[in-house]
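Working through the structure, step by step
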Amino acid sequence: MDDLITAILNGSRRAVARLITYVSDESPQVAPALMALYPHTGKAWVIGVTGAPGTGKSSLVNGIAKAYRAQNLLVGIIAVDPTSPFTGGAILGDRIRMRDLSGDSGVFIRSMATRGSLGGLARTTRDAIRVLDAAGFDIILVETVGAGQSEVDIVRTAHTTLVVEAPGLGDEVQAIKAGILEIADVLVVNKADRPGAQKTVSALRMMLDIGHPASRTRMTAHHGQLVAIENTHTHTDEPMWIPPVIQTVATDEKGIAELIGAIQQHREFIQAGNLSVALERQRIEIELHERLREALIQRLLQTTPPDYFMGIIDQIQQRQLDPQNAVTAILANYEQMISS
Amino acid sequence: MKKNIRILIAKPGLDGHDRGAKVIARALRDAGFEVIYTGLRQTPEMIAEAALQEDVDIVGLSILSGAHMVLVPKIREVMNANELNDVPIILGGIIPDEDKPALELMGVKGIFGPGTNTELIVSKIHAIVADESDLLV
C-alpha cells in the first residue's frame, strides 16, 4: 500500500485507478491509504454537474474539460451512473460522450456505479475525489446520475455545482419546485439551439427573481442537514451570489467559454473573504454525520442477532408493534448488549 | 468470487454494428457486472486507456469486420505497453474457426460467436476473472 501511495503522489495513473477500485469496493486496507493521502488534498476545485437524464451532462463535461485543458490544467473526471437495484449490475456509458478527451494524459476519466446509494453519487465518490486531488488534478468534474428533483448529494461534495437543464422539460411550476434547482451555483440551459430555449431561460430567471437567491452562503449545517440561517440584519451589504443562467450547445462547444467564466466568478466569490473556510467546515460536518450514521448502523446490525431482527420484522408485519416503537426496542436491546 | 466485476465492452475498428455489443452489455449488467461501455470505432490506444483508468478486470471486444487478426494483437500490445498484461481479453463477433488457435496463442481467453448463450459467457467470465485473481495472490 505504501508503494501505491508513493506512486499516486508521483502521478501514476495505474496507481490512481487501482486505489479508486479499492475505495469503491470499500476494502479494509483503504483507511490507512486515505489517511496518508489526506494531507495532500484540498487543492483541487471540484465542479459538480447534475441535471435530468438526457440534458447533455456528459457532453458538457467533455466541453468543460477541453476548455480547462486549453489552460493547461490537469482535469480529473468522475462520472456516476446508476446501479440496478435488482441485479447489482450497471452500464457505465458516460465515456461515449467524452471521446474527444482520449489520448490526453492530462485527463483521467473514471466511471463509478452508485452501488445502492440514492443521492445521485456513490457513497465512495468523495474518497475517489480525494484520490484524484492528491494525485495533483487541478479541476475535478463530478457528473451525477441523471438526477430528478431530490438527488442533491453533489452540493455537499462540490465547490461549484452546475445544474443542467434543457428546453422543453417542464413549465414554470417545475422551476419553482424545491430541490435540484435550489442547489445550483450556475444554471446551464444546454441544447440552447432547440426551440423553447428562451422560454426555459426566462422560467429559470423568474425563479431566481421571485425566490431569494438560493445561496448556500446563508445555509448552515445542522445535524448533517443544510438549514437556512435566519437573516438577522436585513440591510446587509454582504455580497450575495445570484446563480447566472448560461446557455450552451455542448456538442458544438457554444457557450462553454461563458460557462467557464461563470465558474471562475463563482470560485472567486467563494474564495473572497472567509467563505471557502466556512463552506469547507460545513461540508466536513455533513460528511462526518453521514459517515457516523453509516458506521453506527453497521455496528448496530453486527451486534444485533439476525433472529432478533427477523422477529421484530414479524411483529411489525403482524401489527403487534409499529416501526417507531420497534426502533426504540432495537436500540434498547443494543444498549443492553454493549453494556453487558 | 470477486464481488464487483468491472468489464470494458469496446468495439474496435470501423464496422458500425454495435447491436451485439449492446446485447452483451445488457446481459452482463443483468448478471451483476459493472459494464463500461465505450461505443463504436475505438482505437487500440483508446481501449487501453479506458481499461487502465477504469481498472477493469477484463476487456471484451466485439469485432464483426473480419479485422480481428490485426486488431487483437495490436490491442494486446498497447495494453501490455501500459502495464495491463494481467487484464485478460475476450472476443465476440464473427471469428472463423481457423483463426481461433492463433487468437488463443495471443492470449485471448474466450471467443464467443453469434448465438452464444449469455449465461455461458457470464460463467466463463467469472471463471477467467477468478483465475486471474488466483494468479495475483
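Small disclaimer: the values here were computed from a predicted structure and weren't measured. (Residues numbered from 1 in each chain as written. Chains lettered and ligands numbered in written order. Predicted model: local features only at pLDDT ≥ 70, side-chain atom pairs only at ≥ 80, totals over all residues.)

With 24 residues of chain A at the interface, the matching set in chain B holds 24 residues. Of all the secondary structure elements, the ones that give two or more residues to the side of chain A that touches chain B are α2 (13–24), β3 (90–92) and β4 (107–113) of chain A. Element by element, the count of residues in the side of chain A that touches chain B is highest for α2(A), at six residues. Taken together, the residues of the side of chain A that touches chain B break down into nine nonpolar, nine polar and six charged. As paired strands, β3(A) and strand β2 (residues 34–37) of chain B are joined by three bridges and run parallel to one another. Its bridge partner being in β2(B), A:Ile91 is matched across the sheet by B:Val35. (Contact = placed C-beta atoms within 7 Å. Helix = DSSP H or I, 4+ residues; strand = E, 2+ residues; numbered from the N terminus. Nonpolar A, V, L, I, M, F, W, Y, C, P; charged D, E, K, R; others polar. Pairing = 2+ DSSP bridges.)

Turning to the packing of α2(A) against helix α2 (residues 44–54) of chain B, a few remarks are in order. At a closest axis distance of 7 Å, the pairing of α2(A) and α2(B) adopts a crossing angle of 50°. Taken as axis vectors, α2(A) and α2(B) run oblique relative to one another. Facing A:Arg13, A:Arg14 and A:Ala17 of α2(A), the residues of α2(B) in contact are B:Leu52, B:Gln53 and B:Glu54. Residue composition of the contact of α2(A) with α2(B), by class: two nonpolar, one polar and three charged. (Axes fitted to C-alpha atoms, helices over the stretch in contact; angles between N-to-C directions. Parallel < 35°, antiparallel > 145°, perpendicular 65-115°, else oblique.)

Residues and elements named next belong to chain A. Direction vectors running N to C along helix α4 (residues 57–70) and helix α8 (residues 256–271) enclose 75°, while the axes themselves pass 10 Å from each other. Here α8 runs roughly perpendicular to α4, going by the angle between their axes. Counted together, Gly63, Ile64 and Ala67 of α4 and Ile256, Ala257, Leu259 and Ile260 of α8 form the full contact between these two elements. Here the contact of α4 with α8 is built from residues that sort into six nonpolar, one polar and no charged.

Judged by nonpolar contacts, the single largest core of 112 residues is most densely connected at A:Val131, A:Leu141, B:Val35 and B:Ala51. With six residues, α2(B) is the single largest residue contributor to this core. Not counting chain neighbours up to four residues away, the residues in contact with A:Leu141 comprise A:Ile47, A:Val49, A:Val61, A:Ile64, A:Ala65, A:Val75 and A:Ile77. (Core = buried A, V, L, I, M, F, W, Y, C linked by C-beta atoms within 7 Å. Buried ≥ 20, exposed ≤ 12 C-beta atoms within 10 Å, placed from the backbone.)

Looking now at the sheet that holds strand β4 (residues 89–93) of chain B. Spatially, the six strands line up as an open sheet ordered β3(A)-β2(B)-β1(B)-β3(B)-β4(B)-β5(B), and their pairing is parallel. For this open sheet the edge positions go to β3 of chain A together with β5 (108–112) of chain B, each flanked by a neighbour on one side alone. Averaged over all pairs of adjacent strands, the angle between their axes in this sheet comes to 25°, without regard to strand direction. Along the sheet, α2(B) makes contact with β1 (6–10), β2 and β3 (58–63) of chain B, crossing β1(B) at roughly 165°. With respect to the sheet, helix α3 (residues 68–81) of chain B is in contact with β3, β4 and β5 of chain B, its orientation differing from that of β4(B) by roughly 160°.

Now for α2(B). The element α2(B) is largely enclosed, with a buried count of 10 among its 11 residues. Looking at the buried positions of α2(B), the neighbouring elements they touch are α2 and β4 of chain A together with β1, β2, β3 and α3 of chain B. Positive phi appears at B:Asp55, one or two residues downstream of α2(B), with a value of about 50°.

Here helix α5 (residues 125–134) of chain A lies mainly inside the structure; 10 of its 10 residues are buried. Just past α5(A), the residue A:Gly136 takes up positive phi, approximately 100°.

Below, the discussion takes up the sheet that holds strand β5 (residues 139–143) of chain A. Residue and element names in this part refer to chain A. The parallel open sheet is built from seven strands, whose spatial order is β4-β2-β5-β1-β6-β7-β10. Two strands lie at the open edges of the sheet, namely β4 and β10 (245–247), each paired on one side alone. Sheet twist, expressed as the average angle between the axes of neighbouring strands with direction ignored, equals 20°. As defined by bridge partners, strand β1 (residues 45–51) adjoins strand β6 (residues 160–165) across five bridges and the pair is classed as parallel. Pairing of isoleucine 47 across the sheet is with threonine 160, part of β6. Contacts between α8 and the sheet are confined to β1, β6, β7 (186–189) and β10, with β7 contributing the most and set at about 170° to the helix.

Residue and element names in this part refer to chain A. Here chain A shows a mean pLDDT of 86. Residues at 70 or above account for 87%. Across chain A, the element-wise mean pLDDT spans from 54 in strand β8 (residues 219–222) up to 97 in β5. Every residue in residues 230–235 scores below 50 in pLDDT, and together they form one contact with partners more than four places removed in sequence or on other chains. (pLDDT = per-residue confidence, 0-100.)

On to the environment of A:Gly261, then. Residue and element names in this part refer to chain A. Structurally, glycine 261 can be placed in helix α8. For glycine 261, a count of 14 C-beta atoms within 10 Å translates into the label partly exposed. Between the alpha carbons of glycine 261 and isoleucine 246 there is a distance of 10 Å; along the sequence they are 15 residues apart.

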